[in-house]
Amino acid sequence: MTWIKREQRGFITLLQLQRPEVHHALNRPLLRQLSQYLDEIEKEKTRVVIITSTGEKAFCSGADLKERQTMSEDEVRKYLTLIRQTFFQIESLYCPVIAAIEGIAFGGGMELALACDFRIAAKNAVFALPETSLGIIPGAGGTQRLSRIAGITAAKELIYTAKRISAETANKMGIVSKVTMTGEALNEAIFMAEEIAKNAPLAVWQAKMAIGEGYLLEIGLAMEKEAYAYEHLIPTKDRLEGLSAFQEKRKPRFRGE
């Protein structure tokens with residue numbers, strides 16, 4: 001059974017969750033399929049990945065609680081390992097990942113979005129990490145990624161209170177990059193992806209590595225990460241193409257070489 005639809009649009013890969021009957025809840029088969037697609041993408045030369053879902057009611061409602069009720073304690077632990085590893089695959093993917101969000105993004109659904117580089121949300125989007133109201137905590141990176149994205153105080157407030165916030169509030173907190181009209185999140189994500197994809201892919205990939213790995217390092221070590229990334233680009237054909245295009249006053253034709 002297909003839980004996620006994969007579609008290629010030029011240099012852009014679209015991954016669309018397809019469990020609308022349960023608001024795209026994250027069961028084990030869906031997570032395994034998502035992980036498999038990410039493994040495949042890791043071996044390819046796509047330039048941007050967009051993660052979204054069908055319909056406008058929900059991006060993702062989080063863990064499938066009906067499935068969770070049937071799990072033993074050991075199975076819960078294995079599920080948490082699976083979801084953490086899958087979201088880390090998203091975060092560490094070589095190319096940028098954009099979440100296009102319509103409707104609710106609760107619990108693991110919000111954590112899925114937080115694992116992406118960018119979050120574009122429709123006006124009807126609602127975010128929450130409600131785990132403390134269920135006797136647990138966010139277990140797929142929420143406590144760590146939210147504090148890094150929105151700041152430690154904002155992360156504590158949202159996690160301790162388990163409250164829901166609108167797309168506009170999430171935007172003001174720096175969680176969301178842009179808010180669109182309902183039904184337009186994917187179109188805006190595609191526009192952003194196209195803006196990224198027209199640039200030199202090797203440069204974008206190295207920039208993602210330098211930013212991601214350098215962010216929490218002391219500045220001297222972080223600058224070493226940047227120098228390492230730059231060094232990888234000096235011998236590339238794309239760097240020479242960029243110089244030639246500038247001199248010839250034309251758009252560059254980057255090939256990822």
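Refer to the structure printed above.
On a predicted model such as this, the values are computed, not experimentally measured, just so you know. (Residues numbered from 1 in each chain as written. Predicted model: local features only at pLDDT ≥ 70, side-chain atom pairs only at ≥ 80, totals over all residues. Heavy atoms only, no water.)

Engineer: Any chance you could explain the overall build of the protein chain here in plain terms?
Structural biologist: Per the secondary structure count, the protein chain includes eleven helices and ten strands. For 257 residues, the compact-globule formula gives about 18 Å, and the C-alpha radius of gyration of the protein chain, at 19 Å, lands near that figure. For the C-alpha atoms alone, the extent of the protein chain along its principal axes is close to 60 × 40 × 35 Å. Within the protein chain, buried positions represent 47% of all 257 residues. The contacts of the protein chain with a sequence gap of at least 6 include a subset with a gap of at least 24, amounting to 69%. Carbon together with sulfur atoms contributes 56% to the accessible area of the protein chain, which is approximately 13,500 Å² in total. (Helix = DSSP H or I, 4+ residues; strand = E, 2+ residues; numbered from the N terminus. Rg over C-alpha atoms; globule rule 2.2 N^0.38 Å. Buried < 20%, exposed > 50% of the residue type's maximum accessible area, 1.4 Å probe, protein only. Contact = heavy atoms within 4.5 Å. Areas by Shrake-Rupley, 256 points an atom, 1.4 Å probe, with all protein chains shown as cover.)

Engineer: I'm lost on the packing of aromatic side chains in this one. Help?
Structural biologist: For any pair of aromatic rings, geometry is given as the distance between the ring centres together with the angle between the planes. Throughout the structure, instances matching the rule amount to one aromatic pair. Measuring from centroid to centroid gives 4.8 Å for Y94 and W205, while their planes differ by 80°, and the two rings are edge-to-face. In this pair, Y94 sits in the loop between α3 (73-92) and β5 (97-101) while W205 sits in helix α9 (residues 201-214), placing the two residues 111 residues apart along the sequence. Accessibility assignment for this pair places Y94 and W205 in one class, buried. (Phe/Tyr/Trp six-rings, centres within 6.5 Å; stacked < 30°, edge-to-face > 60°.)

Engineer: What is the right way to look at unusual backbone geometry in this model?
Structural biologist: Most peptide bonds take the trans configuration, and most residues that are not glycine carry a negative phi. Here H23, not a glycine, exhibits a phi torsion of approximately 55°, which is positive. Examined against the element boundaries, H23 turns out to sit in the loop between β2 (12-17) and α1 (28-42). We classify H23 as partly exposed; its relative accessible area is 34%. In the Ramachandran plot, A162 falls in the positive-phi region, its phi being about 60° despite a non-glycine side chain. With respect to the helices and strands, A162 occurs in the loop between α6 (152-161) and β9 (165-166).

Engineer: Where do I start with a nonpolar patch on the surface in this structure?
Structural biologist: A cluster of nonpolar residues, L65, L134 and I136, forms a patch on the protein surface that exposes about 300 Å² of accessible area. By the element assignment, I136 lies in the loop between β8 (126-128) and α5 (142-150). (Patch = residues over 30% accessible without salt bridge, like charges linked within 9 Å, V, L, I, M, F, W, Y side chains within 5 Å. Salt bridge = Lys/Arg side-chain N within 4 Å of Asp/Glu carboxyl O.)

Engineer: Could you clarify how one ought to interpret the sheet that holds β9 in this entry?
Structural biologist: Whenever strands of a sheet pair, they do so through backbone hydrogen bonds, lying parallel or antiparallel. An order of β4-β6-β8-β9 is seen for the four strands of this open sheet, with the pairing classed as mixed. The open sheet is flanked by β4 (58-60) and β9, the only strands paired with a single partner. Where β4 and strand β6 (residues 104-106) come together, two bridges link them in parallel fashion. Its bridge partner being in β6, A58 is matched across the sheet by I104. (Pairing = 2+ DSSP bridges.)

Engineer: I keep staring at α5 and nothing clicks. Help me out?
Structural biologist: At 3.6 residues per turn, the α-helix brings residues three or four places apart onto the same side. Those residues of α5 lying buried are G142, R145, L146, S147 and A150. Elements that come into contact with the buried residues of α5 comprise α3, α4 (108-114) and α6. Directly beyond the C-terminal end of α5, a positive phi value near 100° is found at G151.

Engineer: Please clarify how the pattern of salt bridges should be interpreted in this entry.
Structural biologist: In a structure, side chains of opposite charge can pair up when their charged atoms sit close to one another. In total, this model carries 16 salt bridges according to the counting rule given. As a salt-bridge pair, E73 and R77 come within 3.8 Å of each other at their nearest N and O atoms. Of this pair, E73 and R77 both sit in helix α3, four residues apart, which is roughly one turn of the helix. The exposed category is assigned to E73, whose relative accessible area is 61%. Taking relative accessible area as the criterion, R77 reaches 51% and is therefore assigned exposed. Here the salt bridges do not stand alone but share partners, grouping R6, E40 and E44 into one network.

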